[in-house]
Amino acid sequence: MDNTLYDYSPITTRPPLAWPDGARVAFYVGLNVEHFEVDKPATSIFAGTSHLRPDALNHGWRDYGARVGIWRVIEALDKYRLRASVLLNADVCRHYPQIIAAGKARDWVWLAHGRNNSTLQADMTVEEEWLELAHVIQSIGEATGRPVRGWMGPGLSETFETPRLLREFGLDYVLDWCADDQPFPLNVPGMISVPYSVELNDIMLFTQHRLSGEDFYRVVADQFDQLYADGARGGRVMALALHPFVIGQAFRYKYLDRALAYIAGHEGVWLTTSDDIAAHYREEMLKPQKAWRGGA
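Remember, predicted model here, so these are calculated numbers, not experimental data. (Residues numbered from 1 in each chain as written. Predicted model: local features only at pLDDT ≥ 70, side-chain atom pairs only at ≥ 80, totals over all residues. Heavy atoms only, no water.)

Trainee: Sorry if this is basic, but what is going on with the packing of helix H7 (residues 213-230) against helix H9 (residues 253-264) here?
Mentor: When two helices pack together, their arrangement is given by the angle between their axes and by how far apart the axes lie. The geometry of H7 relative to H9 is characterised by a closest axis approach of 9 Å and an angle of 15° between their N-to-C directions. When the axis of H7 is compared with that of H9, the two are roughly parallel. Between H7 and H9 lies a crossing whose hand is right-handed. Across the interface between the two elements, Gly213, Glu214, Phe216, Tyr217, Val220, Ala221, Phe224 and Asp225 from H7 touch Tyr255, Leu256, Arg258, Ala259, Tyr262 and Ile263 from H9. Each residue belonging to the contact of H7 with H9 can be placed in one class, and the counts come to 10 nonpolar, one polar and three charged. (Axes fitted to C-alpha atoms, helices over the stretch in contact; angles between N-to-C directions. Helix = DSSP H or I, 4+ residues; strand = E, 2+ residues; numbered from the N terminus. Parallel < 35°, antiparallel > 145°, perpendicular 65-115°, else oblique. Left-handed = near helix turned anticlockwise from the far one by under 90°. Contact = heavy atoms within 4.5 Å. Nonpolar A, V, L, I, M, F, W, Y, C, P; charged D, E, K, R; others polar.)

Laid out in structure tokens, this is it:
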């Protein structure tokens, strides 16, 4: 079937999108804070043991993120006064309360990211998914003390009903559909898509494409440079997708630091969160007097 969730909208035909203070690029860090169950296969650095129970090699690699890597990433974010947009598994609230406390102290925003990253969102009935989302959203809201506004599925997974159900729970944007450099409305009233990235994503860059730290810095800088140039014709979004068990490795820290310094050192950049991007887009582009069909 064709995708009926959103309409086609070429970026060249849209009204210009203006960010606060005339910024060309709205930049946010999508920080994946996740829990992995020890007896299920999940994101792996070595496929040869991924079927084992327990898979000590891959589980330990992933677990490094919550134990060590996250604290290294926090140091970099603090240095450049960046608030994380946290893609949060609900199980994190129970297993790693120290991470929740650190984020609350820094006024991070929290997006629902499923129960854990060993359980994808797909293949649920409507009733099953409603109960799953209720648990996830309530758990995150209670632990963080903030209302949950955004969603990204584990592995960017959804069912065909996910956006509609999320709206019923009061959420108003998703990150799963990495189809644009600007936010755009979905065909679910009240729901929009905010840009995320499967390309500018440390898992893809380091574990799939096998890039070096220098390569990572160059890719981030090149992405920013092009979006900054494009932003002269209308605001763009740059999302940097990070996983503490990947970018939080000691030998990669200095390249993350260099990348953040490069972006933060430019004028005309709005260092922000996905929540604030969604709210600004809604206010500026979806007012009744600016309403138009098909895009941002």
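Trainee: It is not clear to me how the nonpolar core should be interpreted in this structure. Could you clarify?
Mentor: Note on soluble globular proteins: their nonpolar side chains tend to be buried together. With 66 residues, the main nonpolar core has Leu31, Phe216 and Leu260 as its most contacted residues. Sorting elements by how many residues they give to this core places helix H1 (residues 56-79) first, with seven residues. Those residues within four positions of Leu31 in sequence are excluded, and the remaining contacts are Ile70, Val73, Leu77, Ala84, Ser85, Val86, Leu87, Trp108, Leu242 and Pro244. In this structure, Tyr173, Trp270, Ile277 and Tyr281 belong to the second largest nonpolar core, which totals 22 residues. (Core = buried A, V, L, I, M, F, W, Y, C linked by side-chain atoms within 4.5 Å. Buried < 20%, exposed > 50% of the residue type's maximum accessible area, 1.4 Å probe, protein only.)

Trainee: It is not clear to me how the side chain of Asp275 should be interpreted in this structure. Could you clarify?
Mentor: Its location among the elements puts Asp275 in helix H10 (residues 274-285). Buried within the structure, Asp275 lacks any salt-bridge partner; Arg146 is the closest side chain of opposite charge, at an N-O distance of 4.3 Å. The residues touching Asp275, leaving out its near neighbours within four places in the chain, are Val109, Arg146, Arg149, Gly150 and Tyr173. (Lys, Arg positive; Asp, Glu negative; His and termini not counted. Salt bridge = Lys/Arg side-chain N within 4 Å of Asp/Glu carboxyl O.)

Trainee: Just to check I follow, could you spell out a nonpolar patch on the surface for this structure?
Mentor: Together, Ile45, Phe46 and Leu57 line one region of the surface with nonpolar side chains, adding up to about 260 Å² of accessible area. Of note, Ile45 is situated in the loop between strand S1 (25-33) and H1. Relative accessible area serves as the criterion here: at 37%, Ile45 is assigned to the partly exposed category. (Patch = residues over 30% accessible without salt bridge, like charges linked within 9 Å, V, L, I, M, F, W, Y side chains within 5 Å. Areas by Shrake-Rupley, 256 points an atom, 1.4 Å probe, with all protein chains shown as cover.)

Trainee: Before we go on, may I ask you to explain the packing of H1 against H9 in this structure?
Mentor: Contact geometry for H1 and H9: axes closest at 10 Å, N-to-C directions at 20°. In terms of orientation, H1 lies roughly parallel with respect to H9. The handedness of the crossing between H1 and H9 is right-handed. Across from Arg72, Val73, Glu75, Ala76, Leu77 and Lys79 in H1, the residues of H9 making contact are Tyr253, Leu256, Asp257 and Leu260. A class-by-class count of the residues in the contact of H1 with H9 yields six nonpolar, no polar and four charged.

Trainee: Just checking my understanding: could you explain the pattern of salt bridges for this structure?
Mentor: Overall, the coordinates contain 16 salt bridges when judged by the stated rule. Of the charged contacts in the structure, one is a salt bridge between Asp172 and Arg149, with a shortest N-O distance of 2.9 Å. One end of the pair, Asp172, is in the loop between helix H5 (162-168) and strand S5 (173-174); the other, Arg149, is in the loop between helix H4 (126-144) and strand S4 (150-151), and 23 residues separate them in sequence. Among the charged side chains, a network of salt bridges with common partners joins Arg83, Asp107, Arg146 and Asp276.

Trainee: I'm lost on the packing of aromatic side chains in this one. Help?
Mentor: For any pair of aromatic rings, the description consists of the separation of the ring centres together with the inter-plane angle of the planes. Considering all chains together, one arrives at 11 aromatic pairs under this definition. Ring geometry for Trp108 versus Trp110: centroids 5.9 Å apart, planes at 55°, classification tilted. The pair Trp108 / Trp110 is uniform in exposure class, with both members buried. Summarising the aromatic geometry, the rings of Tyr217 and Tyr262 are spaced 6.2 Å apart at their centres and angled 85° between planes, so their arrangement reads as edge-to-face. Taken together, the residues span a long stretch of sequence, with Tyr217 in helix H7 and Tyr262 in helix H9 at a distance of 45 residues. Each member of the aromatic cluster is reached from another via a ring pair, and the members are Tyr217, Phe224, Tyr228 and Tyr262. (Phe/Tyr/Trp six-rings, centres within 6.5 Å; stacked < 30°, edge-to-face > 60°.)

Trainee: What am I meant to see in H9 here?
Mentor: Each turn of an α-helix holds 3.6 residues, which means side chains three or four residues apart point in the same direction. With 12 residues, H9 should cover 16 Å at 1.5 Å per step; its first-to-last C-alpha distance of 16 Å lies within 8% of that length. Listed in full, the buried residues belonging to H9 are Tyr253, Tyr255, Leu256, Asp257, Ala259, Leu260 and Ile263. Contacts made by the buried residues of H9 are with S1, H1, H7, strand S8 (236-242), helix H8 (244-247) and strand S9 (269-271). (Expected span 1.5 Å × (residues − 1).)

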